[in-house]
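Spelled out from the first residue to the last, the chains are:
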Amino acid sequence: MLMPTQITRHIQLWLIVFGICLMSACSNGEDAAKKLNSNYDVPHPTSPGGTMIDAMTGEPSGLIAMIAGESAASAIAGNIFNSLLKYDKNLDLTGELAQSWEISADQRTITFHLKPNLKWADQRPLSSADVLFTWQKVTDDNTRTPYGSDFKLVSKAEAPDAQTFRVTYAVPYAPALDTWAGLHILPKHLLQDQDINNTAFARHPVGSHYYKLSDWKNGQYLKLSRNPYASQGQANIEHLLSRIIPDKAAQFLELSADNIDSMALNPIQYARIFPSRPDLSNNIGLYKELGNSYSYMGFNLKRKPFDDVRVRQAINYAIDKQEIIDGVLLGLGEPVASPYKPGTRWSNPKLKPYPYDPNKARTLLREAGFADTNGDGILEKDGKPFSFEILTNQNKEREMTAVLIQRRLKEVGIEVNIRVLEWASFLGRFIKPKQFDAVVLGWSLSLDPDQYGIWHSSQQAPGQFNFISYSNPQADKLLEAGRIELNPDKRMKIYHAFSTILLEDSPVIYLSAGYGLSAIHKRVKGISSPAPAAGIGHNTYEWFIPKAYYRNEMNDQ
Amino acid sequence: MASYLLKRILWMVPLLLGISLISFFIMHLAPGDITTSEASFNPKASEESRQKLRALYNLDKPVIVQYGLWVKRLAKLDFGTSFASHQRPVFWQTTDKDGNVTLGMIQEALPITLLINVLSLLLIIGIALPLGVISALKQNQWPDRGITMFVFLGFAIPGFWLALMLMYWTGVQHSWLPISGLESMGHENLTWLAQIWDTLQHLVLPVFISAITGLAGISLFVRNGMLDVLHQDYITTARAKGLNENKIIYGHALRNALLPLITIFGLSIPGLIGGSVIAESIFAIPGMGKLFYDAVLMRDFPVIMGILTIGAILTMLGNLLADVSYAWADPRVRRGVM
C-alpha cells in the first residue's frame, strides 16, 4: 500500500501532468492545420462509388412507413421503397413505378400502368398484385396504421393484369393521386403470410428503390447499399450511411472533424457559426430550401372577441412578421400568405401577407368597439379589458415567437399572457375541449392543396383538426369542389379563390415559413444549387463522390 | 441465514406488485397516450384511425383492466412489446417462425449502460478513496482544501458543457479520441483485440464525464467517515499503545470508515441501470437513459413499465445485497441477523 506522503506526491504529479495537458491544448494549433486544405471546387467527372455519411437525430422505429410514421422512418424508407407516383423537382406529379396513369371521364376511376420488367431487390418480379396487396394492407382494420382513411375511400381496387392497377372511388377524390405518391409499395411474396404489425420485415426490408438495407445497428447507424435491380436505374453513390446522433451540437462536432458528410443545421449554426469559421466553409457547402411547414397564430373563433373579423385583422396588422423571421429564424425564412408552398401552382401569387401597420390595427379595433377608457394602456370593451392567453407547446422557436407577438400587441393596447405546455396536456386539456384563446403552432405546407380536414366547418369535433372552429360557407363550398376536381388547372383556380377568402377572414395569422438548412461536405458533387421547389434532395441519385475524395476507411469497399 | 434470505426474497413479491401498481397508475395520470404524440397531429391521420389504434393497444379499457392484462403477461415473464418501435420486445429477444431474431430493447441497452456505469463507479472509487483519505489526514490544510475544491468543481460544472468542450478538444482540435458513438465505421472488420481497443476509446469520455460528477459525494463521504473514526476512543487507544501510524490508519480507521459505503453502493445499484439522458444524447450512446426518456415522451407504456419493474427488482436486490454485505463485513451486524 502507498504511504500517505507517497499518495500526496502522486497526486501532485498528476496535477502537474494535467496542467501540462491543459497548456498544450491552448498552444497546439498544428493538428487543426493537418486537416486537408484541399480545394474542392475543381470540376470532376461523374463516377459511381463511395460512401456518404449523414447524421440524424432520431432512429426509425421500423421501415414500413405506413406503420412507423415518424420522419426518420420515412427518410430511410424513401430510399428503399417506391410509390406508384412521385413529385418531380417542380413538385408536379410524375410516374415512379407507374409509367402512366389515366383518369376516367367520370373522374372516379384511375388506371395505373406499371413500367415493364420491374423487380424487387431479391430479383422477384414486381407486379400489380403487389400494389393491390399493399392497398389491402393499408385498409385492413388490423393494420396499426393511422393513414388508412384516404385509401378506404377506394370502393374497388383491382389488378386486371400484371401491369395494370385500377382503383375506383365512390365519388371523385382529387387528393387520390397525392395519396398514391405517398404509399410505399410492399412485396406481397414476402409479407402475405406475415403479421405486418410485428413482422421482422420492418427491420429487414426488401424494396425496389435505389438502395437496400445492408446493416442496421440499433441506436448507432443504418447502412444502405445500392440495389442492383433498382426500378429507377442506378444511383451514383455506393453506400449511404446514416448515423444516429441525437444531439445537434455533437453532430456539428462530428461534421467539423470531417467524420460525417451532412447534417441538418439550425439557424444559429447556419447564420452565426459558419460565417465565423472560414476553415469549415472551405470544406463544407451550405444549402437552404423552403421547408415544408409554416407557423401560425390561430384563434378560438368560438370565443369573443375573436369571432369579429375586424379584431382578427387588427391583430394581423399589429404583428410584425419580418421581425419574427429576423429574430426567431435569424432571417432564414419567408412570410406566407396562404397555406401552400410559395412557388408551387397552388400558391396564389397575387396574395400578399398583411403588412405591419399598427395604426390600421388601432383603427380596426376602434371600429370593433374597443377603446382605452381608463387610461391604463389596455383597450376595453363593455368594461372588460382586452386580454387573452397564447398557448403553445415546448418549442423554443414558438415560445420566442409568442414573446414577440406579446410585445407588438401591447403597443396597440392588447394584453397577452403566454402559457407553454407539454404536448400531450396541451392537446388533451386545451385543444380537444377548445379551452383556449389563441395558439402558436405549425401546419405543413402540403403538396396536395386539399386541406378539408383543417378548414372545413364539418371538421370541428374533438380530435378533428379544425379546432379553431373556422366556418365560412363560401370556403366550405370551395373545399368541397376542390376535392372532386381532378383537372389540375381547374383545381388551381379553386384553391386560389379559397386562399383569398382565408387571408381575408384571417382565422389564423401566418407568421413565417422557415427554410430547411443543410450542410453537405464539398466532396459530394452534383447537388443542385439554388434548390428547386422540391429541395436539394430531389436528385440524390445523381450525387456522386469523386474517387480522389473517398475516405480512407472506405477504400476497401 | 438461509431462512432470513428466503423471507426477504418472498417479501419482494408483494412489494413488487405494489410498486408496479403505483407506477402503472401514475403513468396513466399523465395526459395522452401513444396516439396523441406531436407527430400524429397530422390531418392525414384521422380521428377514427386513432380510436382504432387505441382499441388495438387496449388503451380504451379502464386502467385497472389494463393493469390486470399487464400482470397476466408478466406472470409468464413476458414484458410485452413496444408500442412505438414496431412491436420490438421490451425485455428479451424473440424469434419468429422464419428464424428472424428480434433483440429486446432492454436487452440491448442495459449492457451498454451497465458497462459505462460500472467503469465509472470503479473510476470513482479508485480516485475518491485516496482523495478522501488524504483530505481527512490533512484536514484543513491545503491538500484538503484543494481536493474539496476540485471535487466540487467537478460536481458543479454542467456535465453537458464539459462533455462538449472535451469532445471539441480531444476529437476536433486533436484526433485523440472519437467524438461520439460506440464504434468506429468498419468496426466489424477489425480483429477482436482492435475492436475492444476501439470501443474503449469511445468509452473514455462518457466514463470520465459520469465519474467526475460522482466524485464529490464519495470522496467527501470517505473524508468525513475517516474523520469520525479517527476521533474514536479505540484509535486513541491504538495510538497510546504505540501502534504503527500506517497500521492505525489503514488497518483500523479506514476499514471502519468504509462500512457506510456499503450502503451507498447498495443503493447505487439501481443507479447503475439508469443511464443519463443528457450524456447518452450527447455521446450518441443507445443506453437506458435515452430509452426511458423516449418511452416517456412517446407514452410507450410497455417500455416504461418494463424499465420501472426491472429497476424496482434491482433496487430490492441491491438493498438485500447491501444488508448481506454488512453482515459479512461487520461482526456486530452478523450476530444480530443469524
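Relevant structure appears above.
Everything numeric in this text was worked out from a predicted model, so none of it was measured. (Residues numbered from 1 in each chain as written. Chains lettered and ligands numbered in written order. Predicted model: local features only at pLDDT ≥ 70, side-chain atom pairs only at ≥ 80, totals over all residues.)

**Focus: the overall build of chain B**
Defined as follows: Elements are defined by DSSP. Helices are runs of H or I of four residues or more, strands are runs of E of two residues or more, and each kind is numbered from the N terminus. For every residue, the other C-beta atoms within 10 Å of its own C-beta are counted; 20 or more classify it as buried, 12 or fewer as exposed, and values in between as partly exposed. C-beta atoms are placed from the backbone. By definition, residues are in contact whenever their C-beta atoms, placed on the basis of the backbone, come within 7 Å of each other.
Scanning chain B from terminus to terminus reveals 13 helices and two strands. In terms of its C-alpha atoms, chain B occupies a principal-axis envelope of roughly 85 × 60 × 40 Å. Counting across all 338 residues of chain B, residues that qualify as buried make up 33%. For chain B, contacts bridging at least 24 residues in sequence account for 65% of all contacts bridging at least 6.

**Looking at the packing of helix H18 (residues 473-484) of chain A against helix H19 (residues 488-505) of chain A**
Axis angle and axis distance: for two packed helices, these are the angle between their axes and the distance between the axes, and together they describe the pair. All names here are of chain A. As a reminder, the rule being used: Angles run from 0 to 180 degrees between N-to-C directions of axes, and those axes are lines fitted to C-alpha atoms, restricted for helices to the stretch in contact. Angular relationships are summarised with four words: roughly parallel below 35 degrees, roughly antiparallel beyond 145, roughly perpendicular across 65 to 115, and oblique for the angles in between. Left-handed is the label given to a crossing in which the near helix is rotated counterclockwise from the far helix by less than a right angle, and right-handed is the label when the rotation is clockwise. Residues are grouped as follows: Ala, Val, Leu, Ile, Met, Phe, Trp, Tyr, Cys and Pro are nonpolar; Asp, Glu, Lys and Arg are charged; every other residue, Gly included, is polar.
At their nearest, the axes of H18 and H19 sit 9 Å apart, and the two run at 155° to each other. By the angle between their directions, the pair H18 and H19 is classed as roughly antiparallel. The element H18 and its partner H19 pack so that their crossing is left-handed. Each of Gln474, Ala475, Leu478, Leu479, Ala481 and Gly482 in H18 lies in contact with H19, whose residues at this interface are Arg491, Ile494, Tyr495, Ala497, Phe498, Ile501 and Leu502. Classifying every residue of the contact of H18 with H19 gives ten nonpolar, two polar and one charged.

**Section: the interface of chain B and chain A**
Taken together, the contact pairs 56 residues of chain B with 55 residues of chain A. For the side of chain B that touches chain A, a count of residues per class yields 26 nonpolar, 19 polar and eleven charged.

**Regarding the nonpolar core**
Note the cut-off: Note on terminology: a nonpolar core is a set of buried residues of type Ala, Val, Leu, Ile, Met, Phe, Trp, Tyr or Cys, with members joined through C-beta atoms within 7 Å.
If you look at the biggest cluster of nonpolar residues, it comprises 203 residues, and the most contacted ones within it are A:Leu63, A:Ile64, B:Leu215 and B:Met226. For B:Leu215, the residues in contact, after removing those within four places along its chain, are B:Ile124, B:Ile127, B:Ala128, B:Val151 and B:Gly154.

**As for the sheet that holds strand E4 (residues 98-103) of chain A**
Backbone hydrogen bonds are what pair the strands of a sheet, in a parallel or an antiparallel way. Residues and elements named next belong to chain A. Put simply, the test is: Strand pairing requires that DSSP identify at least two bridges connecting the strands.
Across the sheet, which stays open at both edges, the four strands sit in the order E4-E5-E7-E6 with antiparallel pairing between neighbours. Pairing within the sheet leaves two strands with one partner each, and these edge strands are E4 and strand E6 (154-161). Across the sheet, the mean angle separating the axes of adjacent strands is 15° when strand polarity is ignored. Packing of helix H5 (residues 128-139) onto the sheet brings it into contact with strand E5 (109-114), E6 and strand E7 (164-169), and relative to E6 it is tilted by some 160°.

**Considering helix H11 (residues 288-298) of chain B**
All names here are of chain B. Those residues of H11 that sit buried are Met288, Gly289, Lys290, Leu291, Phe292, Ala295 and Met298. Where H11 is buried, its residues meet helix H4 (105-137), helix H9 (245-273), helix H10 (277-282) and helix H12 (301-329). Following H11 by one or two positions, Arg299 has its phi on the positive side, about 55°.

**Details of the environment of A:Val138**
All names here are of chain A. Structurally, Val138 is set in helix H5. Residue classification places Val138 among the buried positions, given that 23 C-beta atoms sit within 10 Å. Distance in space between the C-alpha atoms of Val138 and Gly375 is 61 Å, their sequence separation being 237 residues. The contact partners of Val138, leaving out residues within four places of it in the chain, are Met66, Thr143, Thr145, Tyr147, Gly148, Phe151 and Leu183.

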